[in-house]
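# A closer look at the structure
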Amino acid sequence: FGSSAVPLARTPGSELIRGTPRQEGGAMAPKKVDKAGKGDKADKAAKVAKAVKGAVARKGRKVRTNVHFFRPKTLKMKRSPRYPKKSTESRERMDKYRIIQCPVTTESAMKKIEEINTLVFLVDIQATKLNIKDAVRQLYDVKCTKVNTLIRPDGRKKAYVHLTQDYDALDVANRIGII
């Protein structure tokens, strides 16, 4: 009993054979042979004989004239996925609240606020000057002329935000709650 996928079948009055039951007579009905079928076979045999007798044509090898191989340009279909790779759109990780962490309230920072119209913030280490400028504009509604940054010895980034003449750094500092 092997691992064959064909089921064994038994019916009353038949012997057990793989696949289909066979009657006890043992002989199957003779196949009908039509005369048109013999003509087709003769034509087929004649074609094969002609092919065998003829000379076998060998395909010549392509002569390469260049040492560099260029891969044939095949058809490249545009991707049309059945479903999206991500179920939701990714959000921007560097938002204005992550960029600006806290204002600096040291004496030197206060001096900059009073004298040269500059606010000092601790910012994210990966924030760029443009990111800092936009975040200050969105959070405090002020325009800045330029931003200077430095990385402190403890590994945090400090940003000096110079405000335009239209805005006073003292007023902004009062609004934030530094002073």
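This report concerns the structure included in the present document. (Residues numbered from 1 in each chain as written. Predicted model: local features only at pLDDT ≥ 70, side-chain atom pairs only at ≥ 80, totals over all residues. Heavy atoms only, no water.)

## A few points about the pattern of salt bridges
For the structure shown, the criterion picks out three salt bridges. In this structure, Asp124 engages Arg98 in a salt bridge whose closest nitrogen and oxygen atoms are separated by 3.1 Å. Taken as a pair, Asp124 in the loop between strand 6 (118-123) and helix 4 (129-140) and Arg98 in helix 2 (residues 96-99) lie far apart in primary sequence, 26 residues in all. Arg98 gets classed as partly exposed once you look at its relative accessible area, which sits at 34%. (Salt bridge = Lys/Arg side-chain N within 4 Å of Asp/Glu carboxyl O. Helix = DSSP H or I, 4+ residues; strand = E, 2+ residues; numbered from the N terminus. Buried < 20%, exposed > 50% of the residue type's maximum accessible area, 1.4 Å probe, protein only.)

## Quick word on the sheet that holds strand 6
In a beta sheet, neighbouring strands pair by backbone hydrogen bonds and run either parallel or antiparallel. Overall, antiparallel pairing links the four strands, which are arranged 5-6-8-7 in an open sheet. What marks the edges here is a single partner per strand, and that holds for strand 5 (100-103) and strand 7 (144-151). Here the average twist between neighbouring strands, direction ignored, is 30 degrees. As defined by bridge partners, strand 5 adjoins strand 6 across three bridges and the pair is classed as antiparallel. (Pairing = 2+ DSSP bridges. Axes fitted to C-alpha atoms, helices over the stretch in contact; angles between N-to-C directions.)

## Quick word on the packing of aromatic side chains
Counted under the stated rule, the structure contains one aromatic pair. Where Phe121 meets Tyr140, the ring centres are 5.7 Å apart and the plane angle is 5 degrees; that geometry is what we call stacked. Residue Phe121 is found in strand 6, and its partner Tyr140 is found in helix 4; the two are separated by 19 residues along the sequence. Given the relative accessible area of 0%, Phe121 is considered buried. Here Tyr140 falls in the buried class, since its relative accessible area comes to 16%. (Phe/Tyr/Trp six-rings, centres within 6.5 Å; stacked < 30°, edge-to-face > 60°.)

## Re the nonpolar core
Residues Ile100, Leu119, Phe121, Ile132, Val136 and Val161 are the most contacted members of the largest nonpolar core, which totals 23 residues. Among the elements of the structure, helix 3 (107-116), strand 6, helix 4, strand 7, strand 8 (157-163) and helix 5 (169-176) are those that each provide at least two residues to this core. With four residues, the single largest contributor to this core is helix 4. Excluding its chain neighbours within four sequence positions, the residues that come into contact with Ile132 are Ile99, Ile100, Val123, Ala127, Val147, Thr149, Ala159 and Val161. (Core = buried A, V, L, I, M, F, W, Y, C linked by side-chain atoms within 4.5 Å. Contact = heavy atoms within 4.5 Å.)

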